[in-house]
Amino acid sequence: MNQPKILIFACKWCGLIGADAAGKRRASLPSRFRVIPVECASLVETDAILRALAGGIDGVAVLGCHMGGCRYNNANHTAVKRLELLQDLLDTTGIGRNRLLLSFGTAHEGYQFEELIQGFFDELTSLPPLDPWLSPFGVTR
Amino acid sequence: MDASERDYESKKEIVLVIGGGVAGIGAALDLAGAGQTVHLVEESDHLGGQVSKLDKLYPTDHCAFCPLWTDIKRCMEHPLITVHTLSCVKELNKETAGSYSALLLHAPRYIDEKKCTFCGRCEQECAESAIHPGWEHLCPPSFVIDETLCTKCGNCARICPSGAIDLERAVEEIRLSVGDVIWATGFKEADISHLGEYGSGSHPDIMTSMEFEEWISEAGSNRGAVITRSNGTPPAHIAFIQCAGARDLRMIPSCSAVCCMHALKQAFWVKRRNRKIDCYIFYTDLRTVGRDYYRYSLREFEGADIKLVRGRPGLIHPLPDGNGIAVQFENTMTREREIRRFDMVVLNGNIQPSLIQHRPAHPAGTAAPRTDEEGFVVEESGNTSDCACGFGLQPADVPESVIQASAAAMRITGKRSNPG
Amino acid sequence: METIAVFLCKCFGEIDTAVDFDFLTGELSNDPSVAVISTIDSLCLESGMAKIVSLIKETGSDRVLIAACSPLAKGGFVADSIAEAGIERHKIGLVDIREGCAWIHGDDPGGASRKARDLIHMGIASLQNGEMSDDMTVTVHPGALILGAGPAGLAAAVSLAETGFEVALLERSKDPGGMLRLISRCYPGDENASEKLDPYIKEIEKNPLITFYPQAKIMSMEGDTGDFTATFSSQGKDISIRSGVIIVATGAKIFFPAGLYGYGELKNVITQMELERQILNGSLETKNTVFIQCVGARDTKRPYCSTICCPISLKNASRIAGDVPGGSVFVLHRGIMTPGNTLEKYYRDTLSGGVQFIRFEEDNPPQIGGGDHVEYVEVFDAINGIKRTIEADLVVLSTPLVPNTDNVNLAKMLGVDVDSYGFFSEIYPMHPLETKTDGIFICGSARWPVSSDDAILQGKGAAIKAVSYLRQSEIAASTLSRVPGSKSGHARVVAESCTGCGNCVAACPFNACGLERMNSGFVSTVNMMRCKGCGNCVSVCPNGSIQIPEHNYRMVGEMIHMAFQGWEL
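Residue indices begin from 1 for each chain and proceed along its sequence in written order. Here chains are named by letter from A upward and ligands by number from 1 upward, in the order in which they appear as written. For a predicted model such as this one, the threshold for reporting local features is a pLDDT of at least 70, and the threshold for listing and counting side-chain atom pairs is 80 or more; totals across whole chains, interfaces and linings nevertheless cover every residue.

Here we come to the overall build of chain C. What chain C contains, in helices and strands, is 15 helices and 30 strands. In terms of overall size, chain C is more extended than a compact globule, its C-alpha atoms giving a radius of gyration of 32 Å where 569 residues would be expected to give roughly 25 Å. With respect to the three principal axes, the spread of C-alpha positions in chain C is 100 × 60 × 45 Å. Every one of the 569 residues in chain C was classed for burial, and the buried ones make up 55%. Strands here mean DSSP runs of E at least two residues long; helices mean DSSP runs of H or I at least four residues long; both are numbered from the N terminus. Between the two quantities, the radius of gyration covers C-alpha atoms and the globule rule is 2.2 Å times the number of residues to the power 0.38. With C-beta atoms placed from the backbone, a residue is labelled by how many other C-beta atoms lie within 10 Å of its own: buried for 20 or more, exposed for 12 or fewer, partly exposed between the two.

Another aspect to go through is the overall build of chain A. Along chain A, the regular secondary structure elements total four helices and four strands. Mapped in sequence order, the helices and strands of chain A form the string β-α-β-α-β-α-β-α. Against the 2.2 N^0.38 benchmark of 14 Å for 141 residues, chain A shows a C-alpha radius of gyration of 15 Å, consistent with a compact globule. In terms of its C-alpha atoms, chain A occupies a principal-axis envelope of roughly 35 × 35 × 35 Å. Within chain A, the proportion of its 141 residues that are buried is 57%. We call two residues in contact whenever the C-beta atoms placed from their backbones are within 7 Å. A sequence separation of at least 24 residues applies to 80% of the contacts in chain A between residues at least 6 apart.

This part takes up the sheet that holds strand 22 (residues 386–391) of chain C. All names here are of chain C. One open sheet accounts for three strands, arranged 20-21-22; its pairing is antiparallel. The open sheet has two free edges, formed respectively by strand 20 (367–370) and strand 22, since each of these has just one partner strand. Within the sheet, the average angular offset between the axes of one strand and its neighbour, ignoring direction, is 25°. Two strands pair when backbone bridges link them, and strand 20 and strand 21 (residues 374–381) are joined in this way by four bridges, in the antiparallel orientation. Residue Q367 lies in a different strand from strand 21, and its bridge partner there is E378. A pair of strands is treated as paired once DSSP finds two or more bridges between them. Note on geometry: axes are C-alpha line fits, over the in-contact stretch for helices, and angles between N-to-C directions span 0 to 180 degrees.

What follows concerns the interface of chain C and chain A. Tallying the contact residues gives 44 residues for chain C and 43 residues for chain A. In the scheme used here, Gly and all other residues not listed as nonpolar or charged are polar, with Ala, Val, Leu, Ile, Met, Phe, Trp, Tyr, Cys and Pro taken as nonpolar and Asp, Glu, Lys and Arg as charged. In terms of residue class, the side of chain C that touches chain A is built from 21 nonpolar, 12 polar and 11 charged.

A few words now on the packing of helix 1 (residues 14–24) of chain A against helix 4 (residues 110–125) of chain A. All names here are of chain A. Here helix 1 crosses helix 4 at 100°, and the two axes come no closer than 7 Å. Here helix 1 is positioned roughly perpendicular relative to helix 4, judged by the angle of their axes. Along its contact with helix 1, which presents G18, A19, A21, A22 and K24, the element helix 4 presents G110, Q112, F113 and E114. Among the residues making up the contact of helix 1 with helix 4, the classes are represented as four nonpolar, three polar and two charged. The cut-offs work like this: below 35 degrees is roughly parallel, past 145 is roughly antiparallel, 65 to 115 is roughly perpendicular, and the gaps in between are oblique.

Let's shift gears to the domain arrangement of chain C. Residues and elements named next belong to chain C. Segmentation into domains, and thus their bounds, comes from an automatic or database assignment. Domain assignment breaks chain C into domain 1 (4–130 + 555–567), domain 2 (139–253 + 403–475), domain 3 (256–399) and domain 4 (492–550). Put simply, the middle of domain 2 and the middle of domain 3, counted by C-alpha atoms, are 32 Å apart. Taken together, the 10 residues of domain 2 in the interface contact 16 residues of domain 3. Among the residues forming the side of domain 2 that touches domain 3, the class breakdown is seven nonpolar, two polar and one charged.

This part covers the environment of A:S28. Along the polypeptide, A:S28 turns up in the loop between helix 1 and strand 2 (33–38). Residue class for A:S28 comes out partly exposed when judged on the 14 C-beta atoms lying within 10 Å of it. Considering only alpha carbons, one finds A:S28 and A:E114, 86 residues apart in sequence, at a separation of 7.7 Å. Non-local contacts of A:S28, meaning those with residues more than four positions away in its chain, are made with C:I104 and C:D107.

All right, on to the interface of chain B and chain C then. In this complex, chain B contributes 63 residues to the contact, which on the side of chain C involves 54 residues. For the side of chain B that touches chain C, the per-class residue count stands at 30 nonpolar, 17 polar and 16 charged.

Before going further, it helps to examine the packing of helix 2 (residues 46–54) of chain A against helix 15 (residues 553–563) of chain C. Think of two packed helices as two axes; the pair is described by the angle between the axes and how far apart they sit. Direction vectors running N to C along helix 2 of chain A and helix 15 of chain C enclose 25°, while the axes themselves pass 10 Å from each other. For the element pair helix 2 of chain A / helix 15 of chain C, the angle class is roughly parallel. Helix-helix and strand crossings are classified by hand; for helix 2 of chain A and helix 15 of chain C the assignment is right-handed. From helix 2 of chain A, A:D47, A:A48, A:R51 and A:A52 reach across to helix 15 of chain C, where they touch C:Y553, C:V556, C:G557 and C:I560. Crossings are sorted by hand: turned counterclockwise from the far helix by less than a right angle, the near helix makes the crossing left-handed, and turned clockwise it makes it right-handed.

On to the sheet that holds strand 1 (residues 4–9) of chain C. All names here are of chain C. Spatial strand order, 2-1-3-4: four strands in an open sheet with parallel pairing. Edge positions in the sheet fall to strand 2 (34–40) and strand 4 (92–96), since each of these pairs with one other strand and no more. Adjacent strand axes in the sheet meet at a mean angle of 15° when their direction is disregarded. Both strand 1 and strand 3 (residues 63–68) contribute to a ladder of five bridges, which runs parallel. Among the inter-strand pairings, I4 is bridged to a residue of strand 3, identified as R63. Across the sheet, helix 1 (residues 21–29) lies against strand 1 and strand 2, angled at about 170° from strand 2, the strand it touches most. Its contacts with the sheet place helix 2 (residues 46–59) against strand 1, strand 2 and strand 3, and it is angled at close to 165° to strand 2.

Let's shift gears to the nonpolar core. For this analysis, nonpolar core means a set of buried Ala, Val, Leu, Ile, Met, Phe, Trp, Tyr and Cys residues linked through C-beta atoms within 7 Å. Counting 362 residues, the largest nonpolar core has B:I182, C:I146, C:I247 and C:V395 as the members making the most contacts within it. The biggest single contributor to this core is helix 12 (residues 452–470) of chain C, with 10 residues. Once you skip the residues sitting within four places of it in the chain, B:I182 turns out to touch B:V15, B:V17, B:I18, B:A27, B:C387, B:A388, B:C389 and B:A408.

With that settled, the discussion passes to the pairing of strand 13 (residues 237–243) of chain C. Residue and element names in this part refer to chain C. Here strand 12 (residues 227–234) runs beside strand 13; their pairing, made up of seven bridges, is antiparallel. Along strand 13, the bridge assignment pairs A230 with I241. Taking the residues between adjacent antiparallel strands as the criterion, strand 12 and strand 13 are bridged by two residues, where Q235 takes a positive phi near 50°.

A few words now on unusual backbone geometry. The bulk of non-glycine residues show a negative phi, and the bulk of peptide bonds are trans. Cis geometry marks the peptide bond from B:Y58 to B:P59; its omega dihedral reads -10°. With respect to the helices, strands and loops of the structure, B:P59 is situated in the loop between strand 3 (56–57) and strand 4 (62–63). Note that the residue after B:C139, namely B:P140, is joined by a cis bond; omega there is -5°. With respect to the helices and strands, B:P140 occurs in the loop between strand 8 (131–133) and strand 9 (143–145). A positive phi angle, close to 55°, is found at B:K152, a residue other than glycine. By the secondary structure assignment, B:K152 is in the loop between strand 9 and helix 5 (155–159). Even without glycine at this site, C:D190 takes up a positive phi of about 60°. Secondary-structure assignment places C:D190 in the loop between strand 8 (185–186) and strand 9 (191–192). Look at C:D190 and you get exposed, because 12 C-beta atoms sit within 10 Å.

With that settled, the discussion passes to the environment of C:F228. Residue and element names in this part refer to chain C. You can see F228 is positioned in strand 12. The class of F228 is buried, set by 23 C-beta atoms lying within 10 Å. Each C-alpha atom of the pair F228 and I546 lies 26 Å from the other, and the pair is 318 residues apart in sequence. Among all residues touching F228, those that are not within four sequence positions of it are L145, M221, G223, R242, S243 and I246.

This part takes up the environment of C:S306. Residue and element names in this part refer to chain C. Turning to its location among the elements, S306 is positioned in the loop between strand 17 (289–292) and helix 9 (309–323). Accessibility expressed as a C-beta count within 10 Å gives 27 for S306, which makes it buried. For the pair formed by S306 and V402, sequence separation is 96 residues and the distance between their alpha carbons is 8.4 Å. With residues up to four places along the chain from it excluded, the contact list for S306 reads A297, P400, L401 and P449.

Here the focus is the pairing of strand 13 (residues 237–241) of chain B. All names here are of chain B. In terms of residue burial, strand 13 counts as a mostly covered element, since four of its five residues are buried. By the bridge criterion, five bridges tie strand 13 to strand 14 (residues 278–283) in an arrangement that is parallel. Following the sheet pairing, H237 is matched in strand 14 by D278. Assignment of crossover handedness uses the view with strands pointing away from the viewer, where a clockwise path from the first strand over the helix to the second indicates a right-handed crossover. With helix 7 (residues 259–273) bridging strand 13 and its parallel neighbour strand 14, the resulting β-α-β unit is right-handed.

Known as pLDDT, the predictor's per-residue confidence is scaled from 0 to 100. Of the residues in chain C, 99% have a pLDDT of 70 or more, and the chain-wide mean is 93. Overall fold confidence (pTM) sits at 0.95, and the ipTM for the predicted complex is 0.95.

On average, chain A scores 89 in pLDDT, and the residues at 70 or more come to 91%. Across residues 136–141 of chain A the pLDDT falls below 50, and counting only partners more than four positions away or on other chains, this stretch makes nine contacts in the model.

Let us now look at helix 15 of chain C. The buried fraction of helix 15 of chain C is high, at nine of 11 residues. Summarising the contacts, the buried residues of helix 15 of chain C are in contact with strand 1 (6–11), strand 2 and helix 2 of chain A together with helix 5 (109–129) of chain C.

This is the structure we're talking about:
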């Protein structure tokens, strides 16, 4: 049974508030996800998402603020357009759009974050694992 | 003259801002930005006032807490602002020309928010359920003890790992000498059970608009689901009653300014969460004056078929069969009278300036502000112990309150630069 | 050799009951870049902080990683306290192993421990690869430029001068006062409009700190927060003024309802402004007067309420009702917009003062009748359900204020936005006088139609915002943050690889990116005064030439690499 690994890019505002709230209410979630906080969801590069998927991470979630609510003057509008386009591309390459979860403003409460991430885990569990075929290049410790 | 040598900055006189809602926070931040020393007094245990209780804000439909918590954080962290929560102004007296002495009362905060790690062991330990988390969006979060339920058994203090709890703390009196005062005391909901036609208090599903806001809040116990209080199922019909208590010579002659948009916002959110719920708004004039408000009221998104009926219901009464609430009204545009059954009724309009509700406990002293018969502060020119802003001055929404707060801050800063 | 001091907080058992600290310590000791690993009961208590500070000094570590609670809890406070002890803020890393780990994986200690280890490794990666952004400091020019000398601009000018700052007050027309000059009396106090303006006008004449530039036409705007330069012409001269802030108080325009209700076709169908003029010059003659509200407003073309037209009608209707005995005054409306206490009382008083109100619906507006001048108005009274014909010698149309036609151009010059109606945009409703460019403020009807009283309040409000900038002798770009504390960073361009495609210029929400001509083409440049560090540019750059140093691609790549070390089950 596939035990998926998830990488979450969460904007420090709506995104992290939801994750934090889930923590405060002691939600129970599988442990195989990691959060990278970002200043704004618009900072999440396509490159980073593809790198994560290529490196064997089963799913990537991008959490941002809801439309019109971005502190950076609607920077998230561009982000959504770009990431939805990426979802289309993932479909055409056979990876599938359901490996990229977008939540803009729908996960700022603890229970919402919990439901979103648990749902993502459940979805990814039914998919076959992504074998790592590309190790992140050019990066050494 | 070098900016840092400006005369007003050398005056370290305090500006006392009374009320920690959006207006008070705005005034405090503007004053501190201009180099003034501010003491911000708030009676509840956190800043944010009425807006901190809202789920969403109009006309952006954003979560209310988000813009608020960052400004609260700025206030708490600003070196020139001292925040007094759980505090009130007991007395305000005029001293020598241009200064006042204020007596603040701090109710004891048994849990020191600087030491609290939010572990929650005190909450689990308390047999009286007297301990609960404070406002969710405070950074850092802490727990609060409800004094009315606390038996001072001391179990929580013993179990607290960081020693944050001290049940021996007592009411503290603080005397401040201040140069100017800004009243930003906002509004409170008024009891309209004596206005019989509204049925206030006669049925669990006849709620005030602030109660309804909490009831359908995403952060609330129902997680945004719209259900009745009486049996927990989704209502089929909700009636929003505008001008309940307001524009009413028996009680509040004024228009409360914010309620029309507030009802529209709540109705739109109800529809967003459950298209099938029928929403009626009973209004007199739909006051959509501010920026983008009129277009907000027109919003036709799919399924947002909100029924606007011009009329003030003559009777709102629980139905004898226990199945809902009867609302009797005349649609003044069609002149047809109807009685309709609703599952929930939201009363909007019964908000009054806080100061009217504090009489006679309203701050004593020679510099207490004059209020008119409705409780709004009357500003007298030349006097800066009665600068007011926000709902304490006149019914005002968020942008207007904040603008008034900035103007009050400028008035004081300008006066200080030019004592002559 | 970089040395990182790692501090693990037990949080009095909140973290170490779920996370195995022995396992963590063991895993981390294998890392050559970790100088010391210290486990502390509670980092946020004084004793904890003291221990951290002394250990840092002892080991001489130049980077610190804290694994504790969330940055929204005490984590942020701990990081700030360590910064005060002398470590640069960007060399302090914070990893959340409580809200983000121990508290949500309590039933899976093995998973929680591995996650904590991975999160700490990610934190170390971010510390090792994160860089510090550039910053710039601008000397603030201690003066303000105010565009528009209506009530808003005048109030702002006088307030700023009162506080000791120089003001350049530009006005398009010859005299100050804006639309208030054209009005006889103000609502609700029935003050004389020119008496209201007088103290302000006297002040701008006598106060040496205020320079008034009439007949001003802006030609160009340059510069940024703290140091703007406006070039304009005024009475035949070309002038260049530097200022630290700009206040836009350019007001709005009156709408002339050509083709509506017989305006322009029938005599004695006039606008409110024309009525004011007649009142001012004493030429008003009427017996039966009809006011019509929402003319060209709250319709499909201009779907907004212009705020002031209802109170203005109340004002003029009461005046005419009082001055013209035996005549009738009607106000035909679609809802009288008098929110609040003062205005609502004004409405009640007008109702009892003999003015008659008739409500009509948008889809059934009044009809004007007459030969070459108006004689009657037909209206379907929506409340009584009957058609009424009202004798009318004068019909006054309440029209909205509309945005000035050059708002769009001016906005472009300044680098601010206009909304879909054409008025200047604010950043959020909770900051209604601020724009997306720091140091540029909006007030009065340039922002949204308001009464002169409210315009004055907004002018004062804009002034206090301006004061917080002007009183600083220097402003560092990193302090112009949209969030509490400093910005997270500024974008930085690697000029060698930049192809000058311009994606970043288009994507930047703050107009911070620009293209500069170089020998071989164009290269992107970042204006740090405008850049907020959001990173939109980063994700649209085709080859990674623009990065936020604190969150660069090497760092992200390394964090992703460390996220699931070993790919264990």
